[in-house]
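So you can see what is in the structure, the chains are spelled out below.
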Amino acid sequence: KPGLQVAIDGPASAGKSTVAKIVAQRFNYIYCDTGAMYRAITWKALQAGADLGDEATVKDLLDHMTIRFEPGTPVQKVFVDDTEVTLAIRQPDVTNSVSQVSALPAIRQELTARQRQIADAGGIVMDGRDIGSTVLPQAEVKIFLVASVDERAQRRLKDNAAKGITTPLATLKHEIEERDRKDSTRKVSPLTQAADAIRLDTTSLSIEQVADRIAEIIHEKE
Ligand code: C5P
């Protein structure tokens, strides 16, 4: 039997990608970080000096670029055409602009189509904001990961330290709240828990505990 489709959604810095990667490894599934795709087009638009509210211009950039993932440790490598953007797409300029780009309907439509193509054969763990609700509404497993904003800001602080980014905790907290607000209030496929998604609060759980719980849920559906 081919593998399942596993959708992992939730707000910023809830631990989605870390957990999704572990779960994908355990089941030998493909891992797809859809946030990285929105970040990649945002990076490209910033590079091009485009007006991020200009939907036609940003869409044209996206239509002429490929977004590719390659295996890597500790993180998957991300390429826009032949340029590696793994680190660039995690910088504050991209992080603080991505919600503006991801609110553009034409950008969502195009990236949703690319994501469905990647997920088509099954055996996939896909993380994002609208995977269970919009991209893969028929996914067999849907998880909605949440954690308190304090916990998420602390986690982001640690991640950032490893990357040499020194944004203070209070600023991170504010940025996370702002991004959640924008992602939850946009018109097209906002961040929302699908009716049939299982909600997991990770505030007081370790990464391994969250991965174990999701693995159990997958086993039940296999
Ligand atoms: O997951 P990550 O924090 O890297 O996502 C970056 C941004 O991309 C989100 O804040 C959101 O604006 C956008 N996004 C989205 N839909 C997804 C994944 C990410 O709108 N499925």
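Rules used throughout
Residues numbered from 1 in each chain as written. Predicted model: local features only at pLDDT ≥ 70, side-chain atom pairs only at ≥ 80, totals over all residues. Heavy atoms only, no water. Helix = DSSP H or I, 4+ residues; strand = E, 2+ residues; numbered from the N terminus. Expected span 1.5 Å × (residues − 1). Buried < 20%, exposed > 50% of the residue type's maximum accessible area, 1.4 Å probe, protein only. Arc of directions from axis to C-beta. Contact = heavy atoms within 4.5 Å. Near = heavy atom within 4 Å. Polar contact = N/O pair within 3.5 Å; in protein donor to acceptor, adjacent residues only side chain to side chain. Areas by Shrake-Rupley, 256 points an atom, 1.4 Å probe, with all protein chains shown as cover. UniProt positions renumbered as here; feature names shortened; annotations may be inferred.

Student: Would you mind going over helix H10 (residues 207–221) in detail, with residue names and values included?
Tutor: The first and last C-alpha atoms of H10 sit 22 Å apart over 15 residues, in line with the 21 Å expected at 1.5 Å per residue. Among the residues of H10, Val210, Ala211, Ile214, Ala215, Ile217 and Ile218 are the ones counted as buried. For H10, the angular spread of the buried residues around the axis is 160°, confining them to a single face. Away from its buried face by more than 90 degrees, H10 exposes His219 and Glu220. Structurally, H10 contributes buried residues whose contacts are with strand S1 (5–9), helix H1 (16–27), strand S7 (141–146) and strand S8 (198–201).

Student: Summarise the site of the ligand; cite the residues concerned and give the values.
Tutor: In the vicinity of the ligand lie 16 residues, with Arg39, Ser102, Arg108, Asp130 and Asp183 positioned nearest. Here an oxygen atom of the ligand sits 2.7 Å away from a polar atom, N or O, in the side chain of Arg39. Within the side chain of Arg179, a nitrogen or oxygen atom sits 2.9 Å from an oxygen atom of the ligand. Its free accessible area being 450 Å², the ligand has 97% of it covered by the protein chains.

Student: Help me get a handle on the environment of Glu178, residues and values and all.
Tutor: Following the sequence through the fold, Glu178 ends up in helix H9 (residues 169–185). Owing to a relative accessible area of 25%, Glu178 belongs among the partly exposed residues under this scheme. Through-space distance from the C-alpha of Glu178 to that of Leu191 is 13 Å; in sequence the pair is 13 residues apart.

Student: Describe the UniProt feature "domain: Cytidylate kinase" (unreviewed entry) in the protein chain, listing the residues and the values that go with them.
Tutor: UniProt records the feature "domain: Cytidylate kinase" (unreviewed entry) for residues 6–219 in the present numbering. In the segment residues 6–219, helix accounts for 51% and strand for 15%; the C-alpha atoms at its two ends are 12 Å apart.

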